[in-house]
Amino acid sequence: MLVIFGASGDLTRRKLVPAIWHLQQQGRLPEQFALVGVARSEMSTDEFRQRMREALDEFVGASGEEVDRFLARINYVSGDPGDAEFYGRLGQQLQQLDDAFGTAGNRCFYCSVPPQVYLTIIEQIGIAGLNQEGQGKPGWVRIIVEKPFGHDLDTARALNQSIHAVFAEHQIFRIDHYLGKETVQNILVFRLANSMFEPLWNRRYVDHVQITAAETVGVEHRAGYYDSSGALRDMIQNHLLQVMCVVAMEPPSAFDAESVRLEKLKVLKAVRPISVGQVDRFAVRGQYAAGDYDGTAVQGYRQEEDVPANSRTETFAAIEFTLDNWRWQGVPFYVRTGKRMPHRASAITMQFKQAPHLIFAGGNDLRPSTLTIRIQPDEGIALSFSGKIPGPDVNLGTVEMDFNYQDAFGGRSPEAYETLLLDCLLGDGTLFADSGWIEKSWELLMPVLEAWNATSATRVPTYRAGTWGPREADDLFDRDWRAWACP
Ligand code: BG6
């Protein structure tokens, strides 16, 4: 049984219910399944079902009898997450639903609520005993926690401690939707199901790695959350560091949660700490100013709805990470993200070293070979390298071999939430973050946050909306042949 707290929110209608719908359509949901929405709003199950019907129509284009059958598995319970009595009532209702749907005491609680409410819900679940599994109780109990997981190292630690007081680590599923993306999962397949790439995947052949997540959208209507977060917390602490770990990790001995998590943590442990004094050398932030997209003007961050006029929150962040281990010594990892960039593109670009002795250099602009993994959109992998342009002279040009998911496999790729919800229902934590990883990721970023928050650090560089970030981001590269790729 999936029990969603915060069910009247946007995530439930846009992502979670459509994801469960697709799982049902693919026959992947267990026969014995029910979804229970929980929120403060007074609403009957019928009213909630009607809302979900509209959501399916809007986001999936589904209607008709199949939707009716699907909606029959959805229920709603209203209540205040801070009210202890409510959890007693909820427990009874869940038991009744167990009888009706045969869900045998299995519970997957999903906290789709603002971070300040996670703790209340988790504590109350514990007090009401809804967390218990084993000891003669039927079924399993798991909890999914959305990001952000903490606001800094201290709050992340405190959150881990409070959750651990109620749930054991194997019951906790900290969601990072990037890990559910097909293209991110495919990185390990690409590396480890083919024997030809892994031998190149190291300091001997790789010059540097870039990981970019560029968005065209601005802050939208999320200033309440975003202005106290910023790009570093919003994208780098979780999504992009996870991607970096998948690219940089050693091959795990098995594709299971324990082995994969262990290797990812080892990557973070190899990251050379950046001291507060070094932040200006290794990290750059920026905030978008007014600009335009194809002649359509957009306003700057500080002019956006609910953003303070003197906000210093970064909407762009870039960091150079150094990994101190045998595989990656001397290979910088450049990680960058920004809102209001020229186009939407998340990609990993691995630039290979120049050939050691260039016998065709005369008159030729020799570009180093690159491997680009396009996470989204236009999902695929491209290898670019030099080739001889046909003709009597030895003129070289850059050519590209391109694998495109859609062309190769066709069909519809599952959304990240489908994969992650199913994994949680199956109890597979491979694509979720564990407490050690979360705390280490915050620990690495704390000096950057400290330097950027210092009252002396008043100037936040700006960049025109529709450009690739502040000029300062180019200064991260201290080698002539390195520059940001435009994915
Ligand atoms: C979310 C961030 O986690 O990821 C958003 O809070 C961001 O600010 C989003 O827009 C990006 O996700 P995706 O899947 O569109 O790259």
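Quick caveat, the model's predicted, so the values are computed rather than measured.

Student: Explanation requested: the sheet that holds strand 2 (residues 35-39) in the structure shown.
Tutor: By way of backbone hydrogen bonds, the strands of a sheet pair with one another, either parallel or antiparallel. In spatial order, the strands read 3-2-1-4-5-6; together these 6 strands make up an open sheet with parallel pairing. The open sheet terminates on both sides in strands that have one partner only, identified here as strand 3 (74-78) and strand 6 (172-174). Looking at each pair of strands side by side, their axes are set apart by 20° on average, direction ignored. Together, strand 1 (2-5), strand 2 and strand 4 (107-111) form the strand contacts of helix 1 (residues 10-25), whose direction differs from that of strand 1 by roughly 170°.

Student: Is there a simple way to think about the nonpolar core in this case?
Tutor: Phe-5, Phe-321 and Phe-333 are the most contacted members of the largest nonpolar core, which totals 143 residues. Leaving out residues up to four positions away in the same chain, Phe-333 has contacts with Val-209, Met-244, Val-247, Ala-248, Ile-319, Glu-320, Phe-321, Leu-323 and Trp-328.

Student: Any chance you could explain the state of the cysteines here in plain terms?
Tutor: The bond known as a disulfide is covalent and runs between the sulfur atoms of two cysteines. Applying the stated criterion across every chain yields a total of 0 disulfides. The structure places no disulfide on Cys-108, whose sulfur is separated from the nearest cysteine sulfur, that of Cys-424, by 3.3 Å. Under the relative-accessibility criterion, Cys-108 is labelled buried at 1%.

Student: I keep staring at helix 14 (residues 435-453) and nothing clicks. Help me out?
Tutor: Structurally, the α-helix is built with 3.6 residues per turn, so residues lying three or four positions apart point the same way. End to end, helix 14 covers 25 Å across 19 residues, agreeing with the expected 27 Å (1.5 Å per residue, within 8%). Approximately 40° is the largest bend angle found in helix 14, and it occurs at Leu-445, with the proline Pro-447 only one to four residues beyond.

Student: I would appreciate a short explanation of the site of the ligand in the present structure.
Tutor: Taken together, Lys-147, His-177, Tyr-178, Lys-181, Glu-215, Arg-222, Asp-234, Met-235, His-239, Lys-339, Arg-344 and Gln-376 make up the full set of residues adjacent to the ligand. Here an oxygen atom of the ligand and a side-chain polar atom of Lys-147 are 2.8 Å apart. The separation between an oxygen atom of the ligand and a polar side-chain atom of Lys-181 is 2.6 Å. For the ligand, whose unbound accessible area comes to 400 Å², protein coverage reaches 81%. Broken down by element, the residue count for the shell around the ligand peaks at 3 residues, all from helix 9 (residues 231-248). For the shell around the ligand, the class distribution of residues is 2 nonpolar, 3 polar and 7 charged.

Student: So what exactly am I meant to see when it comes to the sheet that holds strand 13 (residues 345-352) here?
Tutor: If you walk across this open sheet you meet the 9 strands as 16-15-14-13-7-12-11-8-17, and the pairing is mixed. Edge positions in the sheet fall to strand 16 (395-404) and strand 17 (462-464), since each of these pairs with one other strand and no more. Each adjacent strand pair in this sheet contributes to an overall mean axis angle of 20°, direction not counted. Pairing geometry for strand 8 (residues 283-289) and strand 11 (residues 316-321), over 4 bridges, is antiparallel. Along strand 11, the bridge assignment pairs Arg-285 with Ala-317. Contacts from helix 7 (residues 182-192) reach strand 13, strand 14 (370-376), strand 15 (380-389) and strand 16 within the one sheet, and its direction differs from that of strand 14 by about 145°.

Quick notes on the rules
- Residues numbered from 1 in each chain as written.
- Predicted model: local features only at pLDDT ≥ 70, side-chain atom pairs only at ≥ 80, totals over all residues.
- Heavy atoms only, no water.
- Pairing = 2+ DSSP bridges.
- Helix = DSSP H or I, 4+ residues; strand = E, 2+ residues; numbered from the N terminus.
- Axes fitted to C-alpha atoms, helices over the stretch in contact; angles between N-to-C directions.
- Contact = heavy atoms within 4.5 Å.
- Core = buried A, V, L, I, M, F, W, Y, C linked by side-chain atoms within 4.5 Å.
- Buried < 20%, exposed > 50% of the residue type's maximum accessible area, 1.4 Å probe, protein only.
- Disulfide = S-S within 2.5 Å.
- Expected span 1.5 Å × (residues − 1).
- Bend = angle between axes of the 7 residues up to and from the residue.
- Near = heavy atom within 4 Å.
- Polar contact = N/O pair within 3.5 Å; in protein donor to acceptor, adjacent residues only side chain to side chain.
- Areas by Shrake-Rupley, 256 points an atom, 1.4 Å probe, with all protein chains shown as cover.
- Nonpolar A, V, L, I, M, F, W, Y, C, P; charged D, E, K, R; others polar.

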